[in-house]
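Here's the letter readout for the chains.
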Amino acid sequence: MTEPTLTQVDPEIASLIQKEEQRQLDVIRLIASENYASRAVTEAAASVLNNKYSEGYPGKRYYQGQANIDAIESLCIERIKKLFGVEHANVQPYSGSPANLAVHYAFLRPGDKTVGLGLPAGGHLTHGWKVSITGDFFSAHQYGVRESDHRIDMDQVAALVKEHKPKLIWCGTTAYPRTIDFAAFAQIARDAGAILAADIAHISGLVAGGAHPSPVGFADIITSTTHKTLRGPRGGMILTTAKHAAAIDKAVFPGLQGGPHNSAIAGLAVAAHEALQPSFKVYAKQIVDNAKALAEALMSRDVTLVTGGTDNHLILADLTSKNVSGKKAAVALEAAGIVCNYNSVPFDKRKPFDPSGIRIGTPSITSRGMTVADMKTIGNWMADVIEAPEDTKVHERVKTELLALTAKYPAPGLAR
Ligand SMILES: Cc1ncc(COP(=O)(O)O)c(C=O)c1O
């Protein structure tokens, strides 16, 4: 007897998955941290590897039956090392947040000092923001961006480091549209004798594809998620020099985690294989070209952009001058088939749950094959909706028009 399918066993969940797949096909996905993983990545990530326990590392496990798992994790490590040009890679973190916590655990004890970019300026929670364990258990000090141009204030970083003498300095962002000056951070960290950790969660695909400067050679530790611009399965990784390899490995397992998610590691190995192909460089560059073109299109409609543009995959729009809040705009945009997230802008006068901005990213639409020519169209649709957030006729018109565009571009990894 053949085993029943998901639809037969659990039609409710099967139907919701099918609806989500249709949604991902029909809408224009502009959430900067999302992407479409390829069918090959998704196949590996949803495989029988899910059934296996393998605490430990290749060649040193606490369970038998590891011949295939060891080979998969070793392949993943070798590919990631090659892709980023690093001496050591730990591919076991369950996601970006546990990867960052593991870095804290490797080098700090509770109460030790850190310096990182504040959340309102585009930093991530796990770089010491007060509601995160990284801000609660450690003594975290936060730098920001300059009021004049909203760029990271390296003078403030240097002054904070001088004042607090942290053991660990974070660079890397979650809502910042410009390149990170890893060399400048490295100089500050070196002068202070601190560990520099670069969190490249958002830009790891751009770094791998040569579309953003690499922190390799500057940062002691590099962390990343695997599911954003890199187009892998959901997961995390930590890249280091040989010097810090043992400390990081010990912090991940047994310090923080138990058995690795072998299916995610296999998916990451496939994503790394894809990213090592010459076409990935073209893809990474196209993400940035698309972001720049979308930024131009929005600015041509008088939408204010934080820092006046973008160098990466991400745009932060401040809608104050359009007299609409970020949340209201994001809800209206979704009604029109364009999905992004509302986001605080630097020095935001509004509350985080209804801030002044929206965050927009081009990784997903680039994975579908959209190019610069499509960005003008999308930018104009967005401006139409932002200028008429309550006009359902405008939303309906945009939704109908954009279905013709999304129909032209197949979405990778989806069944249809
Ligand atoms: C810069 C940065 N670091 C870490 C994370 C956390 O990753 P995860 O959501 O996988 O825990 C994110 C997620 O958006 C991020 O943007």
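No experiment lies behind these values; they were computed from the predicted model shown.

Scanning the chain from terminus to terminus reveals 16 helices and 15 strands. Taking 2.2 N^0.38 as the reference for a compact globule, 416 residues should give roughly 22 Å; the C-alpha atoms of the chain span a radius of gyration of 22 Å, in line with that estimate. Taken along its principal axes, the extent of the C-alpha atoms in the chain is 70 × 60 × 35 Å. Looking at the chain as a whole, 50% of its 416 residues are labelled buried.

Quick look at the sheet that holds strand 5 (residues 113-117) now. The strand order across the open sheet built from seven strands is 4-10-9-8-7-5-6, with neighbouring strands paired in mixed fashion. If you trace the sheet from one side to the other, it starts and ends with strand 4 (88-90) and strand 6 (139-143), each paired once. Direction aside, neighbouring strands of the sheet carry axes that sit 20 degrees apart on average. Bridge analysis of strand 7 (residues 168-171) against strand 8 (residues 195-199) gives four bridges, and the strand direction is parallel. Residue pairing in the sheet places C171 in a bridge with A198 of strand 8. Along the sheet, helix 7 (residues 154-164) makes contact with strand 5, strand 6 and strand 7, crossing strand 6 at roughly 155 degrees.

Near the ligand lie 14 residues; those nearest to it are S95, G96, S97, T174 and A201. With three residues, the top contributor of residues to the shell around the ligand is helix 5 (residues 96-107). Its residues assigned to classes, the shell around the ligand comprises one nonpolar, 12 polar and one charged.

As a further point, take the sheet that holds strand 15 (residues 357-361). In spatial order, the strands read 11-12-15-14; together these four strands make up an open sheet with antiparallel pairing. Edge positions in the open sheet fall to strand 11 (304-305) and strand 14 (341-343), since each of these has one partner strand only. Pairing analysis gives five bridges linking strand 12 (residues 314-318) to strand 15, with the strands arranged antiparallel. Note that in strand 15 the partner of D318 across the bridge is G357. Where helix 12 (residues 278-300) meets the sheet, its contacts fall on strand 11, strand 12 and strand 15, and the angle it forms with strand 12 comes to roughly 15 degrees. Seen against the sheet, helix 13 (residues 326-335) touches strand 14 and strand 15 and runs at an angle of roughly 170 degrees to strand 14.

This paragraph deals with the domain arrangement of the chain. Once the domains are mapped, the chain shows domain 1 (27-37 + 282-408) and domain 2 (42-275). Between the C-alpha centres of domain 1 and domain 2 the distance comes to 28 Å. Facing 26 residues of domain 1, the contacting portion of domain 2 comprises 27 residues. Taken together, the elements giving at least two residues each to the side of domain 1 that touches domain 2 come down to helix 12, strand 12 and helix 14 (363-367). Sorting elements by how many residues they give to the side of domain 1 that touches domain 2 places helix 12 first, with five residues. Its residues assigned to classes, the side of domain 1 that touches domain 2 comprises 13 nonpolar, nine polar and four charged.

Conventions we followed
Residues numbered from 1 in each chain as written. Predicted model: local features only at pLDDT ≥ 70, side-chain atom pairs only at ≥ 80, totals over all residues. Helix = DSSP H or I, 4+ residues; strand = E, 2+ residues; numbered from the N terminus. Rg over C-alpha atoms; globule rule 2.2 N^0.38 Å. Buried ≥ 20, exposed ≤ 12 C-beta atoms within 10 Å, placed from the backbone. Pairing = 2+ DSSP bridges. Axes fitted to C-alpha atoms, helices over the stretch in contact; angles between N-to-C directions. Contact = placed C-beta atoms within 7 Å. Near = placed C-beta within 6 Å. Nonpolar A, V, L, I, M, F, W, Y, C, P; charged D, E, K, R; others polar. Domains from an automatic or database assignment.

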